[in-house]
Every structure is written in C-alpha cells, then in structure tokens.
Amino acid sequence: MMNSMTMPTPQQIDEQVKLERQAISQGLKRLQDQTIKLENQNYASATIYGISSIDTLLPDVAEQIDKTTSRIYERGNGVAFKDIHQYLKDIDSQSAAAIACKITFDKVFGYKDGTNQAVKVCESIGKALEEECQMRHYEKHAPGLLNILKENYWHRACGTHQKIVIIRTLMNRYDVKQWKVWHTSIKIKLGAWLLECIMKASNWFERVHIRQGRKNEIFVLPTAEFMDIKDEVMANAELFAPLAWPMLVPPKDWTNETPGGYMLNEIMEGHDLVRRSNHASIQGETPLAFINKIQKVGYRLNPFTVRVAEELQQAGISVGKFLPIIHYDLPPKPVDIAENKESRKAYRRQAAEVMNKRAAEFKRSCRTRMTMEAVRRFKNRERFYIPWSFDYRGRSYPIPAFLTVQDTDFGKSLLISADESYITESGKKWLAFQVATTYGLDKSTMSERLNWVMENIPLITRVAEDPIGNIGDWEAADEPWQFLAACEEYYAVVTKRLREHTRLFVATDATCSGLQILAGLARDRKTAQLVNVLPSERPQDAYKVVADAAKPSIPKELWTVWDRKCVKRTVMTIPYNAKPFSNRSYIKDALKEKGVEIDKDDLTITVAAVRDAMNTIVPGPMAVMKWIEDEVGKAIKRGVDKLEWVTPSGFVVTQCIMKKKVVRLQLQLLGRCDISVATADKKEVDLARHKAATAPNLIHSLDASLLHLSVNRFDKPIALIHDSVLTQAVDMDELSTIIRETYMHLFAERDYLNDFAAQIGAETKPPIIGDLQPESVIDSTYFFC
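These numbers were taken from a predicted model, which means no experiment stands behind them. (Residues numbered from 1 in each chain as written. Predicted model: local features only at pLDDT ≥ 70, side-chain atom pairs only at ≥ 80, totals over all residues. Heavy atoms only, no water.)

(A) Summary view of the sheet that holds strand E3 (residues 298–301). Pairing in this open sheet of three strands is antiparallel, and the strands run E4-E3-E7 from one edge to the other. The sheet is open, and its two edges are formed by strand E4 (384–385) and strand E7 (415–417), each paired on a single side. Inspection of the sheet shows E3 paired to E4 by two bridges, in the antiparallel sense. Residue pairing in the sheet places tyrosine 299 in a bridge with phenylalanine 384 of E4. (Pairing = 2+ DSSP bridges. Helix = DSSP H or I, 4+ residues; strand = E, 2+ residues; numbered from the N terminus.)

(B) Spatial organisation of the pattern of salt bridges. Applying the stated criterion across every chain yields a total of 33 salt bridges. Put simply, lysine 379 and glutamate 310 hold a salt bridge, and the shortest N to O gap is 2.7 Å. Here the residue lysine 379 occupies a position in the loop between helix H14 (366–378) and E4, and glutamate 310 occupies one in helix H12 (residues 303–315), the gap between them amounting to 69 residues. Lysine 716 is paired through a salt bridge with glutamate 734; the nearest N and O atoms lie 3.1 Å apart. Here glutamate 734 lies in helix H29 (residues 732–748) and lysine 716 lies in the loop between helix H28 (687–711) and strand E15 (718–721), a separation of 18 residues in the sequence. (Salt bridge = Lys/Arg side-chain N within 4 Å of Asp/Glu carboxyl O.)

(C) Spatial organisation of the environment of alanine 237. Summarising the element assignment, alanine 237 is placed in helix H9 (residues 224–239). The exposure class of alanine 237 is buried, given its relative accessible area of 16%. Between the alpha carbons of alanine 237 and leucine 28 there is a distance of 9.1 Å; along the sequence they are 209 residues apart. Those residues in contact with alanine 237 that sit more than four places away from it in its chain are Leu31 and Ile48. (Buried < 20%, exposed > 50% of the residue type's maximum accessible area, 1.4 Å probe, protein only. Contact = heavy atoms within 4.5 Å.)

(D) Examining the nonpolar core more closely. Of all hydrophobic cores here, the largest spans 155 residues; its most connected members are Tyr299, Trp474 and Trp481. For this core, the element with the highest residue contribution is helix H20 (residues 480–495), accounting for nine residues. Discounting chain neighbours no more than four positions away, the residues touching tyrosine 299 are Glu382, Arg383, Phe384, Ile386, Trp388, Val405, Leu415, Ile416, Ala418, Phe505, Ile718 and Ala719. Listed in part, the 56 residues of the second largest apolar core include Ala98, Cys133, Ile167 and Val233. (Core = buried A, V, L, I, M, F, W, Y, C linked by side-chain atoms within 4.5 Å.)

So, in structure tokens, the structure goes:
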C-alpha cells in the first residue's frame, strides 16, 4: 500500500485530468444522444426534462380536470362535454392527466414532421385514453383471463400498440364482451378537452396558426416560459451527466471546506462528501481521515477473470451475474412469402418473437456490457483508485458505478490489489477460507471450510487450469465469479506455488450486523450469543433458532418445509424496522420457492409466530427498537423538525424527512409505469417515516462508525461493503483483531444508547438489559466470518 501513497507526477495528473474531461464529454454526449433518441422515437416524456416537467404538472392538470368534471352536475359545460363525460366515467382524473401529459410531451417534442399538429395531438391523446379504458373494460369483465394473457403474450419489448392488439385479438377469440370502439370524432373531442386542461393548468403550451402553402394549420408548440424551464432542467442534469470511472491517481482528500475525489470535482460540483445531507454539517476528523484513507487503496484488474469474461462474452455464455448478449437469428423467409398470406403472417409472428428476444437481451445485458467497456479501458493499467463518499448515515460508497468492490459478484471478481504481499501460513488459511466461503460454506466452521478445500483440490485445479471447459464445476457456486478468482489464486499460490505473492482480496462479513449492534446497545447477552458477539465453537445461526422457536405456532402443514430460509429475510430486516406487511411477502416468497402456496389466513398466523419468536429470542433489540420509535414520535410531536446525532467516530447524522404524499397510478398500458403525484405540502414533517427510519439509520450509523474507527488503525489495503471488510489474506488476522477490539471499545467503554437518548431529547430511559460484557468479543472466532 505504501506505493499507492507516493505523490503522482505532473504527467500522471495531466493524464487523470484528461480522463475526467473525457468522462465529462462522453457523459454529456450520452445525455444528449439519449434525449435526441427519445425525441426521435416520440418518447420525449421519458427524457430528463419530460419526467421532471410531467411530475410537476400532473397535480395541477388533475385538479383542472376535477374542476371541469364537477360542473357537469351543475349543467355548466354544455352538450359536448356531456357527450364526452360518458366515455371517461371509468377513468380517474389523475390517470387521465398522466396519459394526456405523456402524449402531449411525446407529440410536441417529437422530431417527426407533423406530429405536433393540434388535430394529431388531440387524436393521439384520445386514442391512448381509449386503449387504457379498453384494458380496464377487459379487467372488469375477464380479470383472470387478462392476467393469463398478459403473462403468456406480453413481453418487455412489446410496444403499447402491439400489446393492445394482442389482448383485443385474444379477448375476441375467447368471446369476452366486445369493446365498443370510439369514433374518431370522440377521440379528438376528448383529446382537445384534455389538452385545454393542460394549457389552463400551465402556461407551457400554446396553439399557433402556421401557414403551409394554401392551408392554415394549427400546431401545438411549447411557450417561451417552458423552454426556459427545459433549459434549466437540462443544465442541472448536465452537472451530474459525467461518467464516473476509477482514477489513475489517488483521489483528492475531502475536507469540510473543499470537495475531494475527482480532480475537477471542485469545478463541476458533481459529487458531495455526504450524499443527501445537510451540507452545513461539519464532520469530525476521524470520518474524514477514514474516507481519505480508503481512497488511497490501489487496485488493478485480475487478468485471469478478465480473460475468462472476454472468452465467455465472445461465446455469448452467461454465468451468474455475467450476462452477455445472446444473439438470435431471424427465421428464414418462406419461399412463398410474396403470394401466400398465411406464410407472411406466420413469418411476421416468428420474426416479432425474435425481435422481442433481441430487445430483452439487450436490456438484460446492459450492466455486463457497461462493465466490460470499463474493463477495456482499465485492463492495461497497473494501478487505479476509487473515489468514495458517505451517505447521510456515515456509510461509505464508491462514486464510480463499475469496477468497485460494491459491484455484483462478477464485478467484484475483477478486482485485485495493486500491491502484492508475500504469502504466509496464515495467508494460505485465509485463501482457503475465501475458496470455501464463496462456494457456499459460509455457515460452516473454520475447520470445516479448510477441510472442504483439502478434499476438493482436484475441483479447484480443474477450475483454475481450464475454467471454460469446466464451467459446470464453478457456475453452481453461491458466488461463482469470486469462487473462480479464489480457485485460481489458491491454485497458483498454494497448490502449485507458481507465485510467491498474493493480491486477492478476502472478505469477512458481520453476522446479522443489525442484531450485533442492537445487542451492544442493549447489552443483551442472549442476543449477543446468538449473533456471534460471544465466543462459540461454531457459527451461531440466528435464523435457525428463530425458525425453530416459531415452528410450534405455525400451521402444521408447513412443518415439513419450515426451516431457516423461510425466516431469513424477515429476521434480517426486523432490526431495520420491517413491518408485518413486508414480513408477509418475504415468508410467502420463501415458501413459494419450496413449492408451497400459503393462504392469507395461514400467512397471518405464520408472520405473527415469527415476530413473537423474535420477541422471545432477541428481547433486547426488540425493546430498543420500540423505545426509539416511541421517543422519536414524542420528539416530532414536540415540534422537532429533524433529528441529529453524532456517532462515536464523530460523524454527524442529520435525519430530515418531510412529507410527500404520493398517489401511484397503475396504468395498464404506456409501459405499465408507476407515476408519483405529489399531493401534499413538502414542508410538513413526516412523523410515520421518522419513526420507521430512526432505528435502521442509527444501526447503519453505528456499523459505519465501527468501520471508521477500525480502518484508521489499519495500514494495509482494505475495502468495504457496508458491514463486510476485505483485505489481503496475509493481513486478515490483524484486521479481524482490530474489528473485535473496536466493537469492544465502542460498547464496553460507554453506554452509547444513553448518549443517543440525550441527543434526541428522550423523555424516558432506554431499555438496557445490562448482562453483556462486550469485551468477550475479543475471543469470538465468528464475529466477522
């Protein structure tokens, strides 16, 4: 790591600045190209300015529609509107507004000649409304059939028109009550009325008479007022458009006064030290030293996994999260396609299926393609760096989206340390640990993992020597790409001794970090034992203990399939304030994976049993979360508009959650999108969300604080994934000791829960059980494992 600390040369700095300018240029070009492409395809509603503008406009348009509609009962709208009103009785004002706004933006800003003619805009709005109403008609008269048809005949690549044709054709085939088609004049009347509502609700569009030859045509054009708004939205978007790549030189240090990270960040102001935060907060020296330290770690690409990825990409073979484009050829045209109508129809149907598959593959492979693009840019670099920043709770995140330790399994496997370390006996043990853990033995003891590796040397050798020919040996691993990288490192460094040095990062994870933190806060020995804070001969399994405790109270027909997997996500998320509603979906999905469908009443009983078991098994954490929720509610009701606390590392957490009530519109067509409509004053404090968010945010801020303090004591290459730490195998013993010592100091030397209570002005004392001695963690083998 010391090499990564050397000062960059002027030439290296110039090269980095050039790289950042390329990123800025390419990012702006990508934004501009995407905007033009969407406008060319008549999808301006999906552009940055379209999304932002429609979100602002929707509530006002919906209100205008409601005002106009209400007058129908007062006989103030005339005969024409009475005629129109009958067609809109089954669609709410917000859905009508969403459709009208989308189509208006698509047509007004479309590049195709004549799309913004007033008649065409109005007819398109009316047509889109009819299609939505038609889908709701089928949903009313044949809901089960509609769902089946959607599942079997709709594809992500299907356009709106294709979807409606498919459903209409099949509904007619099944003899469902036919839809009465709207006359063109009705569609134009409907569209004209809704366009008028948009114009009244804003001053963004106007009708303009333009002379074309002998004709005087009416067009819908954006006003100067809207063009100013559009320019401002795009200018703001351009600030965040630059691509974020790793850096060729160590990132600039962050301070409370100046931006860090990229060389040009101070000019661009594209990245903040703390994301989504109160920028006025002054952060302590410890978190600043931490973030600047992890930015100095040097990385390089693993040539082995890069080579395997390139070969699999060329062959179009998917493994795990590596999803290259799979090419599908169009079917050959029938020889009689010109004169045979049935042949023509069959060919078009087959070709459409292939085109749908191609479009779906392109979307599916997006992340892999972008990762491989980054690989091509950095694969010949001996060293690069990752700029980091905090979230508002103190957790650290890489700024780049690719080639980071917080990527997918495939993305992680691409990274090794730029600095090598001479292998030691301890390092060999930790390399074996990495092989076994990534294969799927993360719940086994250390000796079981090491024994598994010794017994599977032939498998490891096959994978390392011929990964393409032996894909079946590694693709079934829990983390196949990291297992692949670990096999090659173990083979080369330990088995064959082809290399004397190691560069691979080895990862250890906290066991239920939320419960570990809550056990420390409550000084709850029972919970601490369950999540490996206290020493034990083998890793403790909190999920199994909760599952066993809940089993007597769940329906007996579930007993044969009931195990730790059924409760895992629920137990993981309850410390983060997950409520019974989300518990239901987790348990239902887990049972469904086992082939069991559970009815509503049995699911209610099962969720209650799991939550009751949690209260029995982990009483300290459950009491602490309840106390936090109650005290936060009291604070907000006293008039507090935000919560603020300082963590043991000196990070200032500011939790400010204002109310934004939204209505989600589930439109059948138009991409089946959810559209959020702001319907409440954003200046009102959101009591419910504050109560739900504080316990999770406190936990996250404390696990972040644990890492801030630990990393500042560690002077070797290190990387972080929230509650997981990575370092080279030869350094893992030292890092493990530091993590345990830091946890001990964090909870043994002070009752932080009392500190937190004072900072939020709690009216009652926190529920501290007090039977845990945190210093016992020093001897816990499986605290991080």
